[in-house]
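# Architecture at a glance
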Amino acid sequence: MERTSHANRVDRAYDDRLRCHWRSVTALSAQALRIDVTDGAHCDPAGAVEFAKAVIPGVRHITLTEGGKEFASYAVRDDDWSQRNR
């Protein structure tokens, strides 16, 4: 993965687990990750969890954004991932 000048951000183009193109991945904390996808991308929610676990093994919250605007948020509780209400 290519790294930008920000220590907590990675830029790339596509991931097979997500099944979509993405612009950037940003660690918001030790347990939270934001994935910004390209316009119109439809990502696989289960793949987003697997992708996030690979980036931050202890991830507990994932936010998916498109151009910086949140469109989905997932959280884990007792090993069960579910979409959170916005």
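Here the structure is shown first, and the text comes after it.
Residues numbered from 1 in each chain as written. Predicted model: local features only at pLDDT ≥ 70, side-chain atom pairs only at ≥ 80, totals over all residues. Heavy atoms only, no water.

## Comments concerning the overall build of the chain
Helix and strand counts for the chain come out as one helix and eight strands. Order of helices (α) and strands (β) in the chain, N terminus to C terminus: β-β-β-β-β-α-β-β-β. When the 86 residues of the chain are sorted by exposure, 37% land in the buried category. Of the accessible surface of the chain, which amounts to about 5500 Å², a share of 43% is contributed by carbon and sulfur atoms. (Helix = DSSP H or I, 4+ residues; strand = E, 2+ residues; numbered from the N terminus. Buried < 20%, exposed > 50% of the residue type's maximum accessible area, 1.4 Å probe, protein only. Areas by Shrake-Rupley, 256 points an atom, 1.4 Å probe, with all protein chains shown as cover.)

## Brief notes about the pairing of strand 7 (residues 69-77)
Taken together, the six bridges between strand 6 (residues 61-66) and strand 7 define a ladder with antiparallel strand orientation. Within the sheet, the bridge partner assigned to Ile 62 lies in strand 7 and is Tyr 74. Two successive antiparallel strands, strand 7 and strand 8 (residues 80-83), enclose a turn made up of two residues, where Asp 78 displays a positive phi of approximately 55°. (Pairing = 2+ DSSP bridges.)

## Some words on the nonpolar core
Ranked by internal contacts, the top residues of the largest apolar core, which has 19 residues, are Leu 18, Trp 22, Leu 33, Ile 35, Val 37, Ile 62 and Leu 64. When contributions to this core are tallied by element, the ones reaching two or more residues are strand 4 (20-27), strand 5 (32-37), helix 1 (45-55), strand 6 and strand 7. Broken down by element, this core gets its largest block of residues, four residues, from helix 1. (Core = buried A, V, L, I, M, F, W, Y, C linked by side-chain atoms within 4.5 Å.)

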